Structure formats: C-alpha cells, structure tokens
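Residues per chain, in single letters:
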Amino acid sequence: QVQLVESGGGLVQPGGSLRLSCAASINIFSINIMGWYRQAPGKQRELVATISNIGAANYAVAVKGRFTISRDSAKNTVYLQMNSLKPEDTALYYCNARRGAYVADSWGQGTQVTVSS
C-alpha cells in the first residue's frame, strides 16, 4: 500500500485558485497512474484528473482548461492546480494511486475545497 497525504484545500472565492498537493510514500514513477477524485455531499465520487508514470494527463470535461495535474518526482508529489474555481467544484478531493491491475488502489484522507462567496 502507498501512503498518500493531501494538502492545500481551503475556502476560496469563485474565480479564485488553489493548488492541491499529494505526497506519496514511494517513488511515484513506480505508480502507474496517480490522480485526483472528488466527492460532493450527496454525490458519487468522480474522477477529476490523472497522470501516468510517463506523464500522460487526462481531465474530466468539467475541469478541462481550468485544472492542471503535474508531478514532481524528486518530491514524490503530484499537484492539482485549480484555476477559475466555481461553486460546483466544492467537494472533498482525494488523491489516488493505481499501481497495477491486480493491486488495490491507495487513497489519501482527502482535503476539502470550498468555493463560495
């Protein structure tokens, strides 16, 4: 299992920005895919963005053009830069690590993002 620790959440005004961090306990190059998910009250958890160990990134339609996922292998950390935040982005954001098809995903504890005026 990979230990994941998220940070960077908080309260921000609509149109503002936040940068989430996910620190992993192992070399992130050994993790096939790392990503961010979010879950709002009363809703199912949804994919936000992923990045592979070769740098390929994918985004949910709802955040494409506003969010950017990146990685820093020296720090074993994945980031989610969130710009032009909307109230609809309010959710608990979770970091996810997928090491392989036959290994259970690892999840962080979550960091709360609240977008409100």
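Structure first, text after, so check above.
Residues numbered from 1 in each chain as written. Predicted model: local features only at pLDDT ≥ 70, side-chain atom pairs only at ≥ 80, totals over all residues. Heavy atoms only, no water.

A. Representation of the overall build of the protein chain within the structure. Tallying secondary structure elements over the protein chain gives 0 helices and 11 strands in all. Tracing the protein chain from N to C terminus, the helices and strands come up as β-β-β-β-β-β-β-β-β-β-β. When the backbone C-alpha atoms are referred to their principal axes, the protein chain occupies close to 40 × 25 × 25 Å. Looking at the protein chain as a whole, 43% of its 117 residues are labelled buried. Put simply, 54% of the contacts in the protein chain that link residues at least 6 apart link residues at least 24 apart. In the structure as shown, the protein chain presents an accessible area of about 6200 Å², 51% of it carried by carbon and sulfur atoms. (Helix = DSSP H or I, 4+ residues; strand = E, 2+ residues; numbered from the N terminus. Buried < 20%, exposed > 50% of the residue type's maximum accessible area, 1.4 Å probe, protein only. Contact = heavy atoms within 4.5 Å. Areas by Shrake-Rupley, 256 points an atom, 1.4 Å probe, with all protein chains shown as cover.)

B. Spatial organisation of the sheet that holds strand E8 (residues 77–82). The 4 strands are arranged E1-E3-E8-E7 in an open sheet whose pairing can be described as antiparallel. Single-partner strands in this sheet number two, and they are strand E1 (4–7) and strand E7 (67–72). Pairwise comparison of adjacent strand axes, ignoring direction, gives a mean angle of 15° for this sheet. Relative to E8, E7 runs antiparallel, the two being bridged by 6 bridges. In the sheet register, Phe67 faces E8, and the bridge partner there is Met82. (Pairing = 2+ DSSP bridges. Axes fitted to C-alpha atoms, helices over the stretch in contact; angles between N-to-C directions.)

C. View of the nonpolar core. Met34, Trp36, Leu80, Met82 and Tyr93 are the most contacted members of the largest nonpolar core, which has 29 residues in total. Among the secondary structure elements, those contributing two or more residues to this core are strand E3 (18–24), strand E4 (33–39), strand E5 (46–52), E7, E8, strand E9 (91–98) and strand E11 (111–115). (Core = buried A, V, L, I, M, F, W, Y, C linked by side-chain atoms within 4.5 Å.)

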